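Here are the chains, one letter per residue:
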Amino acid sequence: MVGVSYNKSLVVGVLALQGAFSRHQDALTELGVATRQVRTPQDLEAVNALVMPGGESTTMSQLLESSEIFEPLAKRVEEGMAVFGTCAGMILLAKKIIDGRDDQTPFGAIDIEVQRNAYGRQVDSFEADIDVDSLKSPFHAVFIRAPRIASLGSQVKVLAYCGEDVVLAQQNNILVASFHPELTNDIRLHELFLKGV
Ligand code: GLN
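Residues numbered from 1 in each chain as written. Predicted model: local features only at pLDDT ≥ 70, side-chain atom pairs only at ≥ 80, totals over all residues. Heavy atoms only, no water.

Student: Can you walk me through the pairing of strand β1 (residues 11-15) in this structure?
Tutor: For a regular strand, side-chain orientation follows a simple rule: the groups alternate between the two sheet faces. Counting buried residues along β1, 4 of its 5 residues qualify, which places the element largely inside the surrounding structure. With 5 bridges joining them, β1 and strand β2 (residues 34-38) adopt parallel strand pairing. Of the residues in β2, the one forming a bridge with V14 is Q37. Regarding topology, helix α1 (residues 22-30) serves as the crossover connection from β1 to the parallel β2, and that connection is right-handed. Looking at chain direction, β1 and strand β3 (residues 49-52) are connected through 3 bridges and run parallel. Counted as the bridge partner of V14 is V51 from β3. (Buried < 20%, exposed > 50% of the residue type's maximum accessible area, 1.4 Å probe, protein only. Helix = DSSP H or I, 4+ residues; strand = E, 2+ residues; numbered from the N terminus. Pairing = 2+ DSSP bridges. Right-handed = clockwise from strand over helix to strand, strands pointing away.)

Put into structure tokens, the structure is as follows:
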């Protein structure tokens, strides 16, 4: 690691309505920042940045509404809060969801169109080593019923591909991965995220 250029006094939230949030919290803790599970608008007010984990995006969408966190979160995102969306989290941050539920509203925070469960049943889950811009060695990426970025706007910066597909991308305050970076013991992508907060 080349020095530490992120602010350790940050409180980083992990959206904990549903899904794979606890290993994200472990990775962030290992990086030395305080974390907080976010389930309510009050929790959200207490954090400087947010990880939106993988899970089931349709369920998360419903829970975001029922917990009345959708609106305040949309506002924070628009104000520039740094958010790292992984897998289902990426789906929710997209501008458009393909094969989503009819009543599923994404945040539209990053100019990508995302297709849910795009890799088909036979390869519901797979793993691959990917080269990430700015990392010196490959990152082992775990894809679980992964979404695929079907298209992206010119303002979106591509940080990694898997084959032909963009799997890690960034636009301003928003970082998204179509895989689960928390499932390996490699904390470099969480570190990359914190550097951008
Ligand atoms: N298929 C899930 C969805 O549509 C995402 C999978 C994941 O987050 N691992 O929400």
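Student: What exactly am I supposed to notice about the sheet that holds strand β9 (residues 148-152) here?
Tutor: The strands that make up a sheet pair up through hydrogen bonds in the backbone, lying either parallel or antiparallel. On the basis of which strands lie adjacent, the open sheet formed by 3 strands has the order β5-β6-β9 and mixed pairing. The open sheet has two edge strands with one neighbour each: β5 (94-98) and β9. Going from strand to strand, the sheet's axes swing by 30° on average, the running direction of each strand aside. Summarising the sheet, strand β6 (residues 110-115) and β9 pair through 4 bridges and their orientation is antiparallel. Note on β9: the bridge partner recorded for V114 is I149. (Axes fitted to C-alpha atoms, helices over the stretch in contact; angles between N-to-C directions.)

Student: How should the site of the ligand be read in this particular structure?
Tutor: Surrounding the ligand, one finds G54, G55, E56, S57, C87, A88, I91, R116, N117, I144, R145 and H180. Backbone polar atom of A88 to an oxygen atom of the ligand: 3.0 Å apart, as the coordinates give it. Computed on the free molecule, the ligand has an accessible area of 300 Å², of which 97% lies beneath the protein chains in the complex. Split by residue class, the shell around the ligand holds 4 nonpolar, 5 polar and 3 charged. (Near = heavy atom within 4 Å. Polar contact = N/O pair within 3.5 Å; in protein donor to acceptor, adjacent residues only side chain to side chain. Areas by Shrake-Rupley, 256 points an atom, 1.4 Å probe, with all protein chains shown as cover. Nonpolar A, V, L, I, M, F, W, Y, C, P; charged D, E, K, R; others polar.)

Student: Honestly, the sheet that holds β2 in this entry has me stumped. Any pointers?
Tutor: One open sheet holds the 7 strands; their spatial order is β2-β1-β3-β4-β12-β11-β10, and the pairing between them is mixed. Each end of this open sheet is capped by a strand with a single partner; those strands are β2 and β10 (157-162). Ignoring strand direction, the axes of neighbouring strands in this sheet form an average angle of 20°. Together, β1, β3, β4 (82-86), β10, β11 (165-171) and β12 (174-177) form the strand contacts of helix α6 (residues 188-195), whose direction differs from that of β4 by roughly 155°. (Contact = heavy atoms within 4.5 Å.)

Student: Explanation requested: the pattern of salt bridges in the structure shown.
Tutor: Where side chains of opposite charge bring their charged atoms close, a pairing between them can arise. Going through the model one piece at a time under the given rule, you end up with 7 salt bridges. Close ionic contact of R116 with E56 constitutes a salt bridge, the shortest N to O distance being 3.0 Å. Highlighted residues: R116 in the loop between β6 and β7 (125-130) and E56 in the loop between β3 and α3 (57-66), separated in sequence by 60 residues. We classify R116 as buried; its relative accessible area is 12%. Residues D111 and K95 are paired through a salt bridge, measuring 3.4 Å at the closest nitrogen-oxygen approach. Separated by 16 residues along the polypeptide, D111 in strand β6 and K95 in strand β5 bring together distant segments of the chain. (Salt bridge = Lys/Arg side-chain N within 4 Å of Asp/Glu carboxyl O.)

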